[in-house]
Amino acid sequence: MLTQTQAAEIFSKLKEHSSADELEVIFYSTRNALTRFANNIIHQNMAEENVVVSVRAAFGQRTARATTNKLDEDSLRRAVQASESLAKVQHPDPDLLPCSAGASARENLPQRHFPQSAELTPELRAKTVKVIVAVAEENQLTTAGIFSNSESAEGVFNSRGLATWHTQTSSEISITMLGTDASGWQKANSPNVSNLDAVNLAETAARKARESVKPREIPPGKYTVILEPAAVLDIVGFMFYDFGGMALLDQRSFLNDRVGKQVFGTNINITDDVCHPLQSGSPFDGEGMPRQKVQLVENGVIKRLVYARATAERMKKSEYKDKVGPIQPTGHGFPIPNEIGEAPMNIVFGTPQNPQTTDQMIASTERGVLVTRLWYIREVDPYEKILTGMTRDGTFLIENGKLCGGIRNFRFNESLLHMLSNVEAMGTPVRASGEESFDMVVPAMKVKQFNFTEVTKF
């Protein structure tokens, strides 16, 4: 793994080869390992280590980036030369700002690097898989999934003196339990592998597969649904790139003309907070700016957007400047150059006044559907945020406050504006993992009038 001291030495070499007005270098150092299993046996072990040096040169308003994963002198020199050659033939970017001088990263960032996660061996992962397989065999099921761990470092250095660095670890378990006509699924991710309970994940996935056998078919329509956290994460994740200032400037955001207005129910509160104890990730953005805590939604009202430095300057001069709330860099930019601008990546839903467990939500539901997860989600209408997708791996009928067995999966067409205006109850937010979006801190939700449009064949 690359260290901050080694990165500083490499940056010094790069500067010696540069004739640009400004130089910015982003370092990525990663070590990933994964154990994959299917049909109740391990069939793949993988390990990979890489270092990427991404060099951005700027001549006035012209800039370009080149990357290399070779750290010898010639390769570093070629990366600088490539970035400078490309920069010189670019059209000037009137919005390009000088490199960031940065600022102190937030000091209250929780521990994100855990030796037990970094040092997880194939033998230890195999022992965990053995436990998962034992649960599958005990329930006469077939299991498949992954157990992975990683260690990463990220840093931003530039010719204005910025030198910021972050290291973290990650661990993840994903389990699918398969029966003849039913399946169950669970997934969890954490910087600290000690937070992953493989037995609980396996037993929950097995229970879902076992209890959803011989699924019945019920007609499509509008149902009260209870969405487990993974299902909530994967559907709401489609709206957060719209909270970037550039998305609104480009008029491709569902928040066009909606900032400052009531869009969701009064029980919806959302912040972006990299320092939340259940979050992960670096405390700075692609320019090295510290990530700020931002209240995106308060009592259903859209409060503000997130900004990279250049986007904030553009917004201040735009026709929208008096309609979008506070405008200032928030440390949410992606590496320059990019076409996206910025986005909140550390989403945290607020804890409701009276959080309910999933069992309590079920008990209060006369007729409805419990959804474990969603998949194959696609956007239908970007302004109303209408999404389509399907349920999967544990979809159950609720009648008279009790689960009444599995049902065939549904396709849905649902607007996030409608859905988040019809949340009747929520659980305590947890760190959740899915397949369609990045990890967030979200609650389970009980939603009325969720629109299922079609029954699938499985």
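Described in the following lines is the structure provided in the data block. (Residues numbered from 1 in each chain as written. Predicted model: local features only at pLDDT ≥ 70, side-chain atom pairs only at ≥ 80, totals over all residues. Heavy atoms only, no water.)

### What about the pattern of salt bridges?
Moving on, step 1. Going through the model one piece at a time under the given rule, you end up with 22 salt bridges.
Moving on, step 2. Of the charged contacts, one joins Glu 313 and Lys 316 as a salt bridge, the two residues approaching to 3.5 Å between their closest N and O atoms. Placement of the pair is Glu 313 and Lys 316 together in helix α8 (residues 309-316), with a separation of 3 residues, close to one helical turn.
Moving on, step 3. Overall, Glu 313 belongs to the partly exposed group, its relative accessible area being 31%.
Moving on, step 4. The closest approach of N and O atoms between Asp 439 and Arg 431, which form a salt bridge, is 3.2 Å.
Moving on, step 5. Look at Asp 439 and you get buried, because its relative accessible area is 17%.
Moving on, step 6. One salt-bridge network, in which partners are shared between bridges, spans Glu 24, Arg 56 and Arg 65. (Salt bridge = Lys/Arg side-chain N within 4 Å of Asp/Glu carboxyl O. Helix = DSSP H or I, 4+ residues; strand = E, 2+ residues; numbered from the N terminus. Buried < 20%, exposed > 50% of the residue type's maximum accessible area, 1.4 Å probe, protein only.)

### Here's the deal with the pairing of strand β9 (residues 294-298)
Moving on, step 1. Across 3 bridges, strand β8 (residues 270-272) lies against β9 in antiparallel orientation. Looking at β9, one finds that Ile 270 is bridged to Val 297.
Moving on, step 2. Summarising the sheet, β9 and strand β10 (residues 301-302) pair through 2 bridges and their orientation is antiparallel. If you follow Val 297 over to β10, its bridge partner there is Ile 302.
Moving on, step 3. Turn length for the β9-β10 hairpin, with the two strands adjacent in sequence and antiparallel, is 2 residues, and the turn residue Asn 299 shows positive phi of about 50 degrees. (Pairing = 2+ DSSP bridges.)

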